[in-house]
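Analysis of the macromolecular model
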Amino acid sequence: MVLVDRGYASFFKSKLAYVIAPYLFFTTLITWRGWGLDGTLKMFDGDLLNFLTLVFNNFFTGAAIFSFWYIPVLLVLYVLTPALAKIVKLEWGKWLFIPILLAPLVCSRAWPDVTWTNFVYFLGAYMLGIIAGINYKKTIAVIERYLLLLALVAIGSTAALVGLFYLDSPKWGIITFTESAWYIQKIAFSALVILLFERTIHYIPKWLDLLGNYAFAIYFLHAYLLFEMYAVMEKLMDVPISLPIILTLALLNVGLVILFSLIITYICKLILGKWSRYFVGA
C-alpha cells in the first residue's frame, strides 16, 4: 500500500540497501562473535577463508543466530512480490491466491531447518498482507463485519495453542498443528489490532513511530542482546525457579532488549548519518 506507487525499481533498491545490506553486516558480526542456542558464547577462531565460507553459508541459511532463520525466506518473497501482486489483481487470481492463503495450515514451518515448507508457510502470510494492502478499505470493512467471529477465533485458537503445547506440539507428516494454530491466531489478532488502530489512532504516537522506524534494527539486534542479557543476569543472580519471578524477569528482559536496541541504533545513526540504514537497517 505504501510502496506500490514508487515502482518496483525503488522497491528492490530499498530492500537491497536497507534489508540485505544490514543483514549481511549483522551476519558477519555474529558469525565472528555469537551465541549458540544453549547460551554459550562462540568466537570464530579459524582463518579468513573459513570465516568467509561460514559467513556465506550463514547468509543463505540464516544460521548466524536463531532469529535470522527466516530472512532467506523473506528475500525470496521480495523477488516474488511483483508476480504475487499481479495474481491478486487478475480476475481469475483467486484460484491461485486462495490455495496459497490456505497452504500454511498443512505446510508447517520447520525452525531452524531450511525446508520448502518454510517458503510455503510464509508465502501465505505474505500474500495475505499484499491482498490487505491492495484492498485496504475492503479489508477494514470485512474485519468490522466479522468482528465478533474474529474475536472468538482469536480466543479459541489461543486456547487450542495452550492444549497443543501441553501435548508437546503434535505432528502429522509435514503438519505441525501448533504452527497451523499460530497461523490462524496471528491472522485473527492482526485483524483486531488493525481495526483498533484504524478506529483509535488519528496520528502516530512518537513512541510507536520510533519503534516503526527502528523496527528492522531492533529485529537484527534483539536476539543477540537477549543472550547478552541472560549472561548478565546469570552473573547477578541464581537461576530463578519461581514462575512469577521468571515472568517478571522475562518482561524486564523484553523492555531492556528493546531499549538497548534503540540506544545502539541511535548511536549508529549519530555516527554514520545517512549511511546507518546500510549497516543497521534504520
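In this report, we go over the structure that sits alongside the text. Note that the structure is a prediction, hence the values are computed from the model and not measured.

Some points on the overall build of the protein
- The secondary structure content of the protein amounts to 12 helices and 4 strands.
- For a compact globule of 282 residues, the expected C-alpha radius of gyration is about 19 Å, and the protein comes in at 21 Å, within 12% of that figure.
- Expressed along its principal axes, the backbone C-alpha trace of the protein runs to roughly 55 × 50 × 45 Å.
- The buried share of the protein, reckoned over its 282 residues, is 35%.
- On the protein, roughly 17700 Å² of surface is accessible, and the fraction owed to carbon and sulfur atoms is 72%.
- A distance of 13 Å separates the average location of the 20 positive side-chain charges in the protein from that of its 14 negative side-chain charges.

A word on helix 6 (residues 136-145)
- Looking only at helix 6, the buried set comprises Thr-139, Ile-140 and Ile-143. Projected onto a plane normal to the axis of helix 6, the buried residues spread over an arc of 100° and lie on a single side. Looking at helix 6, the residues exposed on the side facing more than 90 degrees away from the buried face are Lys-137, Lys-138 and Arg-145.
- Lining the buried residues of helix 6 we find helix 5 (116-134), helix 7 (147-166) and helix 8 (177-200).

Some remarks on the side chain of Ser-276
- Inspection of the secondary structure assignment puts Ser-276 in helix 12 (residues 276-280).
- Once you skip the residues sitting within four places of it in the chain, Ser-276 turns out to touch Cys-268, Lys-269, Gly-281 and Ala-282.

Comments concerning the environment of Asp-168
- Note that Asp-168 resides in the loop between helix 7 and strand 3 (171-172).
- The sequence separation of Asp-168 and Pro-22 amounts to 146 residues, and the corresponding C-alpha distance is 36 Å.

Examining helix 4 (residues 94-102)
- Among the residues of helix 4, those classed as buried are Phe-97, Ile-100 and Leu-101. Summarising the axial view, the buried residues of helix 4 lie within an arc of 100°, below the 170-degree limit, and thus occupy one face.
- Next to the buried residues of helix 4 lie helix 3 (71-89), helix 5 and helix 8.

With respect to the nonpolar core
- Counting 45 residues, the largest nonpolar core has Ile-65, Phe-68, Tyr-78, Tyr-126 and Met-127 as its most contacted members.
- Elements represented by at least two residues in this core include exactly helix 1 (8-32), helix 3, helix 4, helix 5, helix 10 (215-236) and helix 11 (243-272).
- Sorting elements by how many residues they give to this core places helix 3 first, with 10 residues.
- Once residues lying within four places of it in the same chain are set aside, the contact partners of Phe-68 are Tyr-23, Phe-26, Thr-27, Ile-30, Gly-62, Tyr-219 and Phe-220.

Reading the values: the criteria
Residues numbered from 1 in each chain as written. Predicted model: local features only at pLDDT ≥ 70, side-chain atom pairs only at ≥ 80, totals over all residues. Heavy atoms only, no water. Helix = DSSP H or I, 4+ residues; strand = E, 2+ residues; numbered from the N terminus. Rg over C-alpha atoms; globule rule 2.2 N^0.38 Å. Buried < 20%, exposed > 50% of the residue type's maximum accessible area, 1.4 Å probe, protein only. Areas by Shrake-Rupley, 256 points an atom, 1.4 Å probe, with all protein chains shown as cover. Lys, Arg positive; Asp, Glu negative; His and termini not counted. Charge placed at Lys NZ, Arg CZ, Asp CG, Glu CD. Arc of directions from axis to C-beta. Contact = heavy atoms within 4.5 Å. Core = buried A, V, L, I, M, F, W, Y, C linked by side-chain atoms within 4.5 Å.

Taken by themselves, the reported measurements are silent on function.
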